[in-house]
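Descriptive structure summary
Here's the letter readout for the chains.
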Amino acid sequence: MGLTYGYDIYLRPRNVATALARLAELAPPDPRVPPLEVALPGGDRAVLPFTSHFKSDPVDCSTGSPLDLDMSLTFDVDDALRAYAAADGPGPETDGRMSIGYIYATIRFESALHPGYASVGCWAATSGMSRLFARSANVRKAFTDLTAASGGVCCLFDTGDGGPEQVCWLNGGTTREMVSGPRFPDERALVATWPDPEK
């Protein structure tokens, strides 16, 4: 099956539109991709430079159904990104940034960890990209910056195999603690540190 590494961001549902806008800012210009219109719960609407199931038809998530996106994002270049480009050949550098190919995202308006929080899960499309997610400080920074900019409470690096996850961002700051570690013996202990989503 290959590796399926990803970053999972947890945030209040009212902040999902902000997170989507921030993701859109990371997209490379591509006139071939028509804008995707998305209706969100609460009456918010988003127009995104992505596809959903590789289509650009409008998507209605106003009832809280999950949103699946196929995204191309750019990242500030570092040594890990240059090594990935040499092996896997994504887009060239432009102004110090590089596109790395498709990243799949699933937005859930009631996350599995806490129904009062939404989640934005961004998954690598290939094993090579999964290894890049693990190695690149700038990829990690892009997702922790996204968490901060969208008012998120937590960002996890998830290897997708049911093993321990690494906490990258928690309640306003970066960290590198493990779920199944001394501070967070399980996900319930991690979620207990999150503030009331209604506040």
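The structure under discussion appears in the preceding block.
Residues numbered from 1 in each chain as written. Predicted model: local features only at pLDDT ≥ 70, side-chain atom pairs only at ≥ 80, totals over all residues. Heavy atoms only, no water.

Let's shift gears to the state of the cysteines. Counting across every chain of the model gives zero disulfides. Not part of a disulfide, C155 finds its nearest cysteine sulfur in C168, a span of 4.8 Å. (Disulfide = S-S within 2.5 Å.)

The subject of this paragraph is the pairing of strand β5 (residues 67-76). Counting buried positions over the ten residues of β5 gives seven, a clear majority of the element. Sheet analysis places β5 next to strand β6 (residues 97-108), joined by nine bridges and oriented antiparallel. Within β6, the position partnered with L69 by the bridge is A105. (Buried < 20%, exposed > 50% of the residue type's maximum accessible area, 1.4 Å probe, protein only. Helix = DSSP H or I, 4+ residues; strand = E, 2+ residues; numbered from the N terminus. Pairing = 2+ DSSP bridges.)

What follows covers the packing of aromatic side chains. Enumeration according to the criterion identifies eleven aromatic pairs in this entry. Judged by centre distance (6.4 Å) and plane angle (5 degrees), the rings of Y102 and Y104 are stacked. Look at F133 and F143: their rings are 5.9 Å apart centre to centre, the planes differ by 55 degrees, and that puts the pair in the tilted class. You can see F133 sitting in helix α3 (residues 127-135) and its partner F143 sitting in helix α4 (residues 137-149), a full ten residues away along the chain. Judged by relative accessible area, F133 falls into the buried class, the value being 0%. Judged by its relative accessible area of 2%, F143 is buried. Taken together through their ring pairs, the aromatic side chains of Y5, Y7, F75, F133, F143 and F157 make up a single cluster. Over the face of the ring belonging to F157 we find R140, whose NZ or CZ atom lies 5.8 Å from the ring centre. (Phe/Tyr/Trp six-rings, centres within 6.5 Å; stacked < 30°, edge-to-face > 60°. Lys NZ or Arg CZ within 6 Å of the ring centre and 35° of its normal.)

Let us now look at the nonpolar core. With 48 residues, the main nonpolar core has L20, L69, F133 and F143 as its most contacted residues. Sequence-distant contacts of F143, that is, excluding residues within four places in its chain, are made with Y7, I9, L73, F75, C122, F133 and C155. Grouped together as the second largest cluster of nonpolar side chains are twelve residues, V153, V179, F184 and L190 included. (Core = buried A, V, L, I, M, F, W, Y, C linked by side-chain atoms within 4.5 Å. Contact = heavy atoms within 4.5 Å.)

This paragraph deals with a nonpolar patch on the surface. A contiguous nonpolar surface patch, about 310 Å² in accessible area, is contributed by F54, Y102 and Y104. Among the structural elements, F54 can be located in the loop between β3 (45-48) and β4 (59-60). Judged by relative accessible area, F54 falls into the partly exposed class, the value being 47%. (Patch = residues over 30% accessible without salt bridge, like charges linked within 9 Å, V, L, I, M, F, W, Y side chains within 5 Å. Areas by Shrake-Rupley, 256 points an atom, 1.4 Å probe, with all protein chains shown as cover. Salt bridge = Lys/Arg side-chain N within 4 Å of Asp/Glu carboxyl O.)

Before going further, it helps to spend a moment on helix α2 (residues 79-88). Looking only at α2, the buried set comprises A80, L81 and Y84. The buried residues of α2 occupy an angular sector of 95 degrees when projected down its axis, which confines them to one face. Turned more than 90 degrees from where α2 packs its buried face, D79 and A86 sit exposed. Tucked inside the fold, the buried residues of α2 contact β5, β6, α3 and α4. (Arc of directions from axis to C-beta.)

Glancing now at α4. End to end, α4 covers 18 Å across 13 residues, agreeing with the expected 18 Å (1.5 Å per residue, within 8%). Listed as buried for α4 are V139, R140, A142, F143, T144, L146 and T147. In this structure S136 caps α4, since a side-chain oxygen of it lies 3.3 Å from the backbone nitrogen of N138. The first or second residue beyond α4 is G151, which carries a positive phi of 70 degrees. (Expected span 1.5 Å × (residues − 1). Polar contact = N/O pair within 3.5 Å; in protein donor to acceptor, adjacent residues only side chain to side chain.)

Further remarks concern unusual backbone geometry. Despite not being glycine, H53 has its phi angle at roughly 55 degrees, a positive value. By the secondary structure assignment, H53 is in the loop between β3 and β4.

All right, on to the environment of E110 then. The residue E110 is located in the loop between β6 and β7 (118-124) in this model. A relative accessible area of 59% places E110 in the exposed class. For the pair E110 and P66, spaced 44 residues apart in the sequence, the C-alpha separation amounts to 8.8 Å. With residues up to four places along the chain from it excluded, the contact list for E110 reads P115 and Y117.

What is shown is where atoms sit, not what they do.
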